[in-house]
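# Residue-level structure breakdown
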Amino acid sequence: MSLSDELLPDRAEYFMRRAIELAQEAAYQDEVPVGAIVVHKNQIIAEAYNQREALNDPTAHAEMIAITQAAAHLNSWRLEQCTLYVTLEPCPMCAGAILQSRVPKVVYGAIDSKAGAVESLYKLLSDPRLNHRCELQGGVCAQECGRMLTEFFEAKRRLGKK
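The buried fraction of strand β4 (residues 105-110) amounts to 6 of the 6 residues, a majority that puts the element mostly inside the structure. Bridging between strand β3 (residues 82-88) and β4 involves 5 bridges; their strand directions are parallel. In the strand pairing of β4, V86 is matched with Y108. Crossover handedness for the path β3 to helix α4 (residues 92-100) to β4: right-handed. Bridging between β4 and strand β5 (residues 135-137) involves 3 bridges; their strand directions are parallel. Its bridge partner lying in β5, V106 is registered against L136.

The structure is reproduced here in structure tokens:
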């Protein structure tokens with residue numbers, strides 16, 4: 001999927017809509033509903049959703065999987081011309097991977113007051129002490145992204161899980 005700059009003035013919302021679709025797929029798979037995509041030159045080159053339960057892997061966050069896919073697609077660990085779109089503010093692990101892969105821009109939906117490493121608990125992606133910083137755009141489709149998570153965990157609590 002690709003998008004010309006002239007087609008939509010708000011690319012962030014356009015691409016976040018795809019990340020939301022992936023988060024919905026995660027919920028359908030009984031995974032925490034987080035979706036992520038990587039865009040390179042206005043084209044989606046990677047997309048993923050959380051798969052910790054399916055893979056029994058604590059590192060199988062949407063961002064981690066999407067970053068790995070993007071690096072494979074570009075045949076480079078440096079994702080210097082990419083933008084990561086994710087429905088939830090990245091955690092410290094994912095923020096570390098974002099920094100290590102040199103992603104220059106991160107767009108996210110809902111904040112994560114319990115584990116956020118972009119604005120909530122930590123500010124890793126903008127920390128001047130580190131050798132890489134990201135342009136950040138938060139709050140894109142935040143209500144919809146947050147609502148998915150709230151509804152998912154409410155349902156889990158009703159069932160006596162998590």
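Following the structure, the description resumes.
Between the first and last C-alpha of helix α3 (residues 62-74) there are 18 Å, a value that for 13 residues agrees with the 18 Å anticipated at 1.5 Å per step. Buried within α3 are the following residues: A62, E63, I65, A66, I67, A70 and A71. Lining the buried residues of α3 we find β1 (35-40), β2 (43-49), β3 and α4. Following α3 by one or two positions, N75 adopts a phi angle in the positive range, close to 55°.

What counts and what doesn't
- Residues numbered from 1 in each chain as written.
- Predicted model: local features only at pLDDT ≥ 70, side-chain atom pairs only at ≥ 80, totals over all residues.
- Heavy atoms only, no water.
- Buried < 20%, exposed > 50% of the residue type's maximum accessible area, 1.4 Å probe, protein only.
- Helix = DSSP H or I, 4+ residues; strand = E, 2+ residues; numbered from the N terminus.
- Pairing = 2+ DSSP bridges.
- Right-handed = clockwise from strand over helix to strand, strands pointing away.
- Expected span 1.5 Å × (residues − 1).
- Contact = heavy atoms within 4.5 Å.

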